[in-house]
Amino acid sequence: MGAETIVSAAANVALLLMCAAFFLTAYRVIKGPTLPDRIVALDMLTGIAIGFIAVVAVKTGFNLYIDIAIALGLVGFLATVAFARFVLTKGSMQAGEDAAPVADPPRKGARHGKQRSKGRAR
């Protein structure tokens with residue numbers, strides 16, 4: 001057995017395992033009970049895609065795939081940060097809440113309309 005045969009077999013096994021991980025993670029994206037679960041699963045999908053690209057780069061010997069994997073890692077990181085900021089700001093609302101902030105209710109006895117100036121009497 002030569003080195004190429006061992007690398008090819010290892011790449012095939014790695015692709016098979018990553019395919020299983022991809023489908024399990026895609027199930028979590030679809031079925032995830034909460035939004036943070038789905039965000040973590042999407043981040044994991046990005047990592048699995050990077051792994052796919054890296055294994056294909058090793059298997060084919062085409063080194064440009066490594067640059068593509070690095071770019072995908074940077075974009076995936078930025079997407080995860082954006083989703084996390086979304087969860088911190090708007091994703092924590094309870095069901096039935098409005099997205100717009102609610103103004104304070106008027107106080108009892110407060111005047112509506114024009115204010116009188118202090119110098120004039122009515």
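The rules behind each value
- Residues numbered from 1 in each chain as written.
- Predicted model: local features only at pLDDT ≥ 70, side-chain atom pairs only at ≥ 80, totals over all residues.
- Heavy atoms only, no water.
- Helix = DSSP H or I, 4+ residues; strand = E, 2+ residues; numbered from the N terminus.
- Buried < 20%, exposed > 50% of the residue type's maximum accessible area, 1.4 Å probe, protein only.
- Contact = heavy atoms within 4.5 Å.
- Areas by Shrake-Rupley, 256 points an atom, 1.4 Å probe, with all protein chains shown as cover.
- Polar contact = N/O pair within 3.5 Å; in protein donor to acceptor, adjacent residues only side chain to side chain.
- Patch = residues over 30% accessible without salt bridge, like charges linked within 9 Å, V, L, I, M, F, W, Y side chains within 5 Å.
- Salt bridge = Lys/Arg side-chain N within 4 Å of Asp/Glu carboxyl O.
- Phe/Tyr/Trp six-rings, centres within 6.5 Å; stacked < 30°, edge-to-face > 60°.
- Expected span 1.5 Å × (residues − 1).
- Axes fitted to C-alpha atoms, helices over the stretch in contact; angles between N-to-C directions.
- Parallel < 35°, antiparallel > 145°, perpendicular 65-115°, else oblique.
- Left-handed = near helix turned anticlockwise from the far one by under 90°.
- Nonpolar A, V, L, I, M, F, W, Y, C, P; charged D, E, K, R; others polar.

**Student:** When you look at the overall build of the chain in this model, what are you seeing that I'm missing?
**Tutor:** Within the chain one finds three helices and zero strands. Each helix (α) and strand (β) of the chain, taken in turn from the N terminus, gives the series α-α-α. For the chain, the proportion of its 122 residues judged to be buried stands at 12%. Of all intrachain contacts in the chain linking residues separated by at least 6 positions in sequence, the fraction that spans at least 24 positions is 47%. Split by element, the accessible area of the chain, about 10,000 Å² in all, is 66% carbon and sulfur.

**Student:** Honestly, the side chain of Thr 25 in this entry has me stumped. Any pointers?
**Tutor:** In this structure, Thr 25 sits in helix α1 (residues 3-31). Polar contacts involving the side chain of Thr 25 include one to the main-chain carbonyl oxygen of Ala 21, which spans 2.7 Å. Ignoring anything within four residues of it in the chain, the contact list for Thr 25 reads Ala 41, Met 44, Leu 45 and Ile 48.

**Student:** Could you clarify how one ought to interpret a nonpolar patch on the surface in this entry?
**Tutor:** On the surface, a nonpolar cluster with roughly 280 Å² of combined accessible area is contributed by Phe 62, Leu 64 and Ile 68. Tracing the backbone through its elements, the reader meets Leu 64 in helix α3 (residues 64-89). Look at Leu 64 and you get partly exposed, because its relative accessible area is 45%.

**Student:** So what exactly am I meant to see when it comes to the side chain of Thr 46 here?
**Tutor:** Tracing the sequence through the fold places Thr 46 in helix α2 (residues 35-60). Apart from residues lying up to four places away in sequence, Thr 46 is in contact with Leu 72 and Gly 76.

**Student:** Help me out: how do you make sense of the packing of aromatic side chains in this one?
**Tutor:** Each aromatic ring pair is characterised by the separation of its centres together with the angle its planes make. All chains considered together, the criterion is met by three aromatic pairs. Pairwise contacts between aromatic rings join Phe 22, Phe 23 and Phe 52 into one cluster.

**Student:** Please explain α2 as it appears in this structure.
**Tutor:** Since one α-helical turn is 3.6 residues long, residues separated by three or four positions face the same way. Counted at 1.5 Å a residue, the expected span for α2 with its 26 residues is 38 Å, and the 37 Å between its end C-alpha atoms agrees. Within the span of α2, buried status applies to Ile 39, Ala 41, Leu 45, Thr 46, Ile 48, Gly 51, Ile 53, Val 55 and Ala 57. Buried-residue contacts for α2 involve α1 and α3.

**Student:** What's the story with the environment of Ala 49 in this structure? I'm lost.
**Tutor:** Among the secondary structure elements, Ala 49 is positioned in helix α2. Since its relative accessible area comes to 24%, Ala 49 is described here as partly exposed. Separated by 27 residues in the primary sequence, Ala 49 and Phe 22 place their C-alpha atoms 8.2 Å from one another.

**Student:** Please explain the packing of α1 against α2 as it appears in this structure.
**Tutor:** Helix-helix packing is characterised by the crossing angle of the two axes and by the distance between the axes. Running from N to C, α1 and α2 cross one another at 165°; their axes reach a closest spacing of 9 Å. Considering the angle they form, α1 stands roughly antiparallel to α2. Once α1 is placed against α2, the crossing between them reads as left-handed. Classifying every residue of the contact of α1 with α2 gives 19 nonpolar, three polar and five charged.

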